[in-house]
Amino acid sequence: MNSFEYHRPGSVTDAAAAISGADDGKFLAGGQTLLAVMKLGLAAPSDLVDLGGIADLKGIQVKGGAVTIGAMTTHAEVNSSADVQGAIPALASLASVIGDRQVRNSGTLGGSLANNDPAADYPAAILALGATITTDKRQIAADDFIVGLFETALEEGEMITSVSFPQPSKAAYKKFKQPASRFALVGVFVAQTPDGVRVAVTGASSHAHRAEVLEEALGNDFSPSALDSVTIPADGLNSDIHASAEYRANLVKVMAIRAVEACG
Amino acid sequence: MSETGIGAAVKRTEDQRFLTGAGNFVDDINLRGQSYASFVRSPHAHAKIKGINTSAAAAMPGVLAVLTGEELVADGIGPLICGWNIAGKHGVEAHNSPPHHALAVGKVNYVGDHVAVVIADTKAEADDGAEAVEVDYEVLTAVVDTATAQDNTIQIHDEAPANLCYDWEIGDAEATDAAFADAAHVTTIEVINNRLIPNAVEPRACLAEFNKGTGDWTLYVTSQNPHLHRLVISAFNQVAPEHKLRVIAPDVGGGFGSKIFIYAEEVVCTWATRKIGRPIKWTAQRSESFLSDAHGRDHVSKAELALDADGKFLGLRVNTKANLGAYLSTFATAVPTYLYATLLAGNYTTPAIYCDVQGVFTNTAPVDALRGAGRPEATYLLERAVETAARELKIDPAELRRRNYIQPDAFPYQTPVVHQYDIGDYGASLDKACEMADVAGFDARRKESEANGKRRGLGYSSYIEACGIAPSAAVGALGGGVGLYESADIRFNATGNVTVMTGTHSQGQSHQTTFAQVVSEQLGVPMENIEVVEGDTDKGPFGMGTYGSRSLVVGGSAIVKAADKIVAKGKIIAAHSLEAAEEDIEFADGIFTVKNTNKSLTIGEVAFTAYVPHNYPEGLEPGLHEQAFYDPVNFSFPAGVHICEVEVDPATGETDIVRYTAVDDFGTIINPMIVEGQIHGGIGQGVGQAMLEAAKYDENGQLVTGSYMDYTMPRADDLPSFDVGTTSTPSPLNPLGAKGCGEAGAIAAPPAVINAITDACGVAHIEMPATPEKVWQACQAAE
Ligand SMILES: Cc1cc2nc3c(=O)[nH]c(=O)nc-3n(C[C@H](O)[C@H](O)[C@H](O)COP(=O)(O)OP(=O)(O)OC[C@H]3O[C@@H](n4cnc5c(N)ncnc54)[C@H](O)[C@@H]3O)c2cc1C
């Protein structure tokens, strides 16, 4: 691991200043991804701007039919929050299947979304729930936020400050874990929202995406049997040492059915 | 039975230090002036080294030395060795043995191969230095696949045409062919025994120091057999003479075989410490463990089982291709031969067996013994064949096994493949396992699962294994380069407490507790007054170490022999003190008594007399300190039956082990709690092999499962609660009546699991690991 400058600003403004003053600076949230990547020598930032000291980035609020969660809120806090459990139980339960206890106690919502791992769980939640990502510069709709493999709409030095999730009438997330890493081999988030049924899939391809075929079938009939006749094409899905595209396609359908079942 | 003697479930005395972080492992030890080593490893599976430029690295801050294979060879450091010669077919006397230098000379042969070492003041400086070493490679095509390595036009070593280490055979080919000619039915299977990475919780590490004043070396190393380390590093690598080298293996955090071997890093650090005049520490990164610990298994086999019309086994014919990796690790050659094919009789009376094995080189990490070492491969092959035969012949699989069991009155039983089994009652284990597993209720449970859209299957594994490899003369006759006895040294101190030293070394097996129980039982000394010392060549007598489930059977027996000598001497002392005849002295529970009197002395009083010999038998040496070496007359043969029950979700292929029953015959059990722990761990590892673990190289020889993101270790929630039971036929061949227990779970579990999953899916075979995807495909295919 190379040496770097460490900053611990107390406000969003100071953090933005620190990052723009750095050669090749990076925000540090829970460090669950970033530090491992640095130890492996795959990233060597000149500066780390630790967001852990900024009170404004923490906390959970339910207001106006939406749950707004600060970027620095840990997975464990999302999971155990009575507010989240009350408003969007599927989101609370999603947080409980991320990694292990240590990861959940350190890893953050903002870090997970900024990183946008193709097998991460939160990206499925923001897409299916139609969340809005607020940064220090603007607001970004979930559909525009996820761009590609580890790629988001965030610009250089742009910081996620919070994420706002509209409350769905029904929602559920089903995750089939990759046995070694326990990231999502396939995860499917299904939600009945004011804008209709939204279904998002993670783990199956280069990045989380909406599944139009599933949305259409469920839009007509929100029941598990509505998916019986749907076929998920394997084209474009990942094929790697953990699963073939065909198997992932099967899991997309099975997880979708189980998510709808879980919606009750 | 006393509260701490043989048979008592005494809590582990080592737990306090391990659970409170007070263990002392190699990496915990720091010496004054210590420097750090970092190895430059090959990024290529197969490449010529055209040049190594070390000057940039040597100029880096903190770097003390950059050493390559050239310097190593110039200093006369001998290559790493393989200690077991395998003679081949057609009178070939020795296997092909390419040199394996601790730092590569001219060529690298696997990803992770050692190219150079950088030694620096700090770990970070050593790592940075290693990155600055420039190596000019000419990349060659890699040979990776086990099954086709012999046919590959690329030859890895000049010394090994067709990439063959040996072509070996065992058994009677003609008699086996004749058996097949008479067969009513032949079952044929092809199976792969998947390659595994050992993954001890503590990575390998070493710390070497040369003392200029005394001319002595000390090597702290993660070793299951410190005396063997000392012997090999001095006699073969010629780094230091044996009497000037002290090897200390402090607490060792798991080994599973991987810490038997003498590795490049240990030899290099011991050599380099004298050159640079400072202690050198090296601790593997986890990614280095994946790349460079000796891997296990990796067989591709075909087996044919010939049966008569009643389902009696007539003959077994097996061909196995075994991947030995890029170079031969310390005992690599023995694992797929004498530790494997000699177990192919299993529990059965199969009269004719023939097996040939081609050991091949590939551009992958060396492959050597891993928990079970050869016996898991044999058991998997045989129990898959037997299960398949039962299904093909529509005979109940338990019944087919029962029909072919060696009967209790047939012992000692000579198999067609070397071994003579001492004792056993396989039917008793099968009956007990069937009852504990409620096999009778299985059909009802299966229907219930089916009603819920699931599938349920039941799988048996009836295993035997050979542990406590012995006797030395037989090992030598089969090509082994070592003796396989064990030593014990019991020293009473003047104050009556006891120090026990043996040549074995615990890596989690709880010797500190078990051996103290044995001594407590034999000598009547309370456990808390007994100190078990292992792992230091300057303290204990020469011994062979811990592997192959040998420590209690061989080491424990040596302890019993030494204790007998203590008692014998104690009787002479007691007789003198009590003014009685020696033949009239009886010893029990730590007290010497004159027969039919109330005159007695405790063993502590006798010990005191021995060290303060004022009133003492004439001519008798003072002191109460005895040593014994024990060379067993044979292996010991634990056996048992494991039954696995699974429920499969056909929609996803997810498999849940809903019930796992193990009934094992380990003869005399010293500490049932510790034995149960060994069984749990063994089954865990066996389930890992069956369902989760696979070391995979891509076609270029890159390890694609080089971290826990991609290599699946079994976790607690992958495993059910085990139902564990025992039967007991104590071994007549060692004084404790014991049999080894450390590997049984890993040997028995894989076929039990795969037999259960294939039963659930209704398919003939699923290759290990039976991942959800493979199980899903099997369910699809069966539909
Ligand atoms: C063992 C293990 C298992 C895991 N399993 C799962 C799993 O099952 N599912 C899953 O989804 N994830 C999993 N993760 C990832 C985990 O959720 C991480 O916490 C997450 O990916 C990164 O969050 P972090 O807070 O640790 O961010 P960091 O590692 O600190 O940062 C990650 C990246 O995001 C950037 N960043 C951080 N915060 C912000 C911000 N507010 N604005 C802009 N950029 C920011 C950083 O600069 C960095 O580039 C696992 C991780 C580990 C180590």
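Residues numbered from 1 in each chain as written. Chains lettered and ligands numbered in written order. Predicted model: local features only at pLDDT ≥ 70, side-chain atom pairs only at ≥ 80, totals over all residues. Heavy atoms only, no water.

A. Broad picture of the overall build of chain A. On a plain count of helices and strands, chain A comes out with 11 helices and 14 strands. On C-alpha atoms alone, chain A measures out to a radius of gyration of 18 Å, which is about the 18 Å that the 2.2 N^0.38 rule sets for 264 residues. Dimensions of chain A, computed from C-alpha atoms along their principal axes, come out at roughly 55 × 45 × 30 Å. For chain A, buried positions account for 53% of its 264 residues. Long-range pairs, those at least 24 residues apart, make up 57% of the contacts in chain A with a sequence separation of at least 6. Accessible surface for chain A amounts to roughly 11200 Å². Of this, 47% is attributable to carbon and sulfur atoms. Considering chain A, the positive charge centre built from 19 side chains and the negative charge centre built from 29 side chains are found 9 Å apart. (Helix = DSSP H or I, 4+ residues; strand = E, 2+ residues; numbered from the N terminus. Rg over C-alpha atoms; globule rule 2.2 N^0.38 Å. Buried < 20%, exposed > 50% of the residue type's maximum accessible area, 1.4 Å probe, protein only. Contact = heavy atoms within 4.5 Å. Areas by Shrake-Rupley, 256 points an atom, 1.4 Å probe, with all protein chains shown as cover. Lys, Arg positive; Asp, Glu negative; His and termini not counted. Charge placed at Lys NZ, Arg CZ, Asp CG, Glu CD.)

B. Summary view of the interface of chain B and chain A. Facing the 18 residues of chain B at the interface are 18 residues of chain A. Across the chain B/chain A interface, buried area totals approximately 1500 Å², and carbon plus sulfur atoms make up 54% of it. Counting the surface chain B buries against chain A, the share from its top three residues, Met709(B), Glu773(B) and Trp776(B), is 32%. Joining chain B to chain A, the criterion identifies three salt bridges. Two residues, Asp649(B) and Arg258(A), come together in a salt bridge whose shortest N-O distance is 2.9 Å. Remark: the boundary between chain B and chain A carries 11 residue pairs in polar contact (both at pLDDT 80 or more). Ranked by residue count, the leading element in the side of chain B that touches chain A is helix H19 (residues 772-782) of chain B, at three residues. By residue class, the composition of the side of chain B that touches chain A is seven nonpolar, three polar and eight charged. (Buried area = accessible area lost by both parts, 1.4 Å probe. Salt bridge = Lys/Arg side-chain N within 4 Å of Asp/Glu carboxyl O. Polar contact = N/O pair within 3.5 Å; in protein donor to acceptor, adjacent residues only side chain to side chain. Nonpolar A, V, L, I, M, F, W, Y, C, P; charged D, E, K, R; others polar.)

C. Broad picture of the pairing of strand E6 (residues 132-135) of chain A. Residues and elements named next belong to chain A. Note: E6 against strand E7 (residues 139-141), three bridges, orientation antiparallel. Note on E7: the bridge partner recorded for Thr134 is Gln139. Following E6, the chain reverses through three residues before pairing antiparallel with E7. (Pairing = 2+ DSSP bridges.)

D. Quick peek at helix H6 (residues 226-235) of chain B. Residue and element names in this part refer to chain B. Most of H6 sits out of view: eight of its 10 residues are buried. Those residues of H6 lying buried are Pro226, His227, Leu228, His229, Arg230, Val232, Ile233 and Ser234. Residues of H6 that are buried in the fold lie against strand E10 (216-221), strand E11 (245-248) and helix H7 (264-276).

E. Molecular detail of the nonpolar core. Residue and element names in this part refer to chain B. Counting 155 residues, the largest nonpolar core has Trp271, Leu344, Tyr421, Tyr660, Val753, Ile757 and Cys761 as its most contacted members. Examining the composition of this core, we find that 11 residues originate from one element, helix H18 (residues 744-761), more than from any other. Structurally, this core is a two-domain feature, drawing no fewer than three residues from each of domain 1 (31-140 + 202-253 + 259-292) and domain 2 (299-469 + 634-782). Once residues within four sequence positions are removed from consideration, Ile757 is found in contact with Val646, Thr655, Met691, Ile766, Ala770 and Val775. Core analysis: the second largest hydrophobic core is formed by 47 residues, Leu552, Val594, Leu601 and Ile603 among them. (Core = buried A, V, L, I, M, F, W, Y, C linked by side-chain atoms within 4.5 Å. Domains from an automatic or database assignment.)

F. How the structure looks around the domain arrangement of chain A. Residue and element names in this part refer to chain A. We note that the domain assignment places domain 1 (5-50) and domain 2 (58-263) within chain A. For domain 1 versus domain 2, the separation of C-alpha centres amounts to 26 Å. The interface is formed by nine residues belonging to domain 1 together with 12 residues belonging to domain 2. When domain 1 packs against domain 2, close to 780 Å² is buried across both sides, 73% of that on carbon and sulfur atoms. Sorting the residues of domain 1 by area buried against domain 2 places Phe27, Ala29 and Gln32 first, and these three jointly supply 49% of that buried surface. Summed over the shared surface of domain 1 and domain 2, the number is zero residue pairs in polar contact (both at pLDDT 80 or more).

G. Structural context of the site of the ligand. Residue and element names in this part refer to chain A. Of all residues adjacent to the ligand, which total 31 residues, the nearest are Phe27, Gly31, Leu34, Thr108 and Asp121. Gly99 is positioned such that a nitrogen or oxygen atom in its backbone is 3.0 Å from an oxygen atom of the ligand. One nitrogen or oxygen atom from the side chain of Thr108 is found 2.7 Å from an oxygen atom belonging to the ligand. At the level of secondary structure, the elements contributing two or more residues to the shell around the ligand comprise strand E2 (25-28) and helix H7 (109-115). The element contributing the most residues to the shell around the ligand is H7, with five residues. In terms of residue class, the shell around the ligand is built from 14 nonpolar, 12 polar and five charged. (Near = heavy atom within 4 Å.)

H. How the structure looks around helix H11 (residues 245-263) of chain A. Residue and element names in this part refer to chain A. Between its first and last C-alpha, H11 extends 27 Å over 19 residues, near the 27 Å set by a 1.5 Å rise per residue. Counting buried positions along H11 gives 15 out of 19 residues, so the element sits mostly inside the fold. Following H11 by one or two positions, Gly264 has its phi on the positive side, about 80 degrees. (Expected span 1.5 Å × (residues − 1).)

I. Up close: the sheet that holds strand E25 (residues 625-630) of chain B. Residues and elements named next belong to chain B. Read across the sheet, four strands follow the order E21-E20-E19-E25 without closing on themselves; strand pairing throughout is mixed. Every other strand in the sheet has two partners, leaving strand E21 (530-533) and E25 as the edge strands with one partner each. Across the sheet, the mean angle separating the axes of adjacent strands is 15 degrees when strand polarity is ignored. By the bridge criterion, four bridges tie strand E20 (residues 498-502) to E21 in an arrangement that is parallel. Its bridge partner lying in E21, Thr499 is registered against Glu531. Sheet strands touched by helix H14 (residues 511-523): strand E19 (486-492), E20 and E21. Its angle to E21, the strand with the most contacts, is close to 130 degrees. (Axes fitted to C-alpha atoms, helices over the stretch in contact; angles between N-to-C directions.)

J. How the structure looks around the domain arrangement of chain B. Residues and elements named next belong to chain B. For chain B, the assigned domains are domain 1 (31-140 + 202-253 + 259-292), domain 2 (299-469 + 634-782) and domain 3 (485-630). Taking only C-alpha atoms into account, the centre of domain 1 sits 36 Å from that of domain 2. Taken together, the contact pairs 29 residues of domain 1 with 32 residues of domain 2. Across the domain 1 to domain 2 interface the summed buried area is about 2500 Å²; carbon plus sulfur atoms make up 67%. Looking only at domain 1, the three residues that lose the most surface to domain 2 are Trp84, Phe261 and Phe290, adding up to 27% of its buried area. On inspection of domain 1 and its partner domain 2, the count reaches one salt bridge. Between Lys89 and Asp356 there is a salt bridge whose closest N-O contact spans 2.7 Å. Inspection of the domain 1/domain 2 interface yields 10 residue pairs in polar contact (both at pLDDT 80 or more). With four residues, helix H8 (residues 286-292) is the largest single contributor of residues to the side of domain 1 that touches domain 2. Residue classes in the side of domain 1 that touches domain 2 are distributed as 16 nonpolar, nine polar and four charged.

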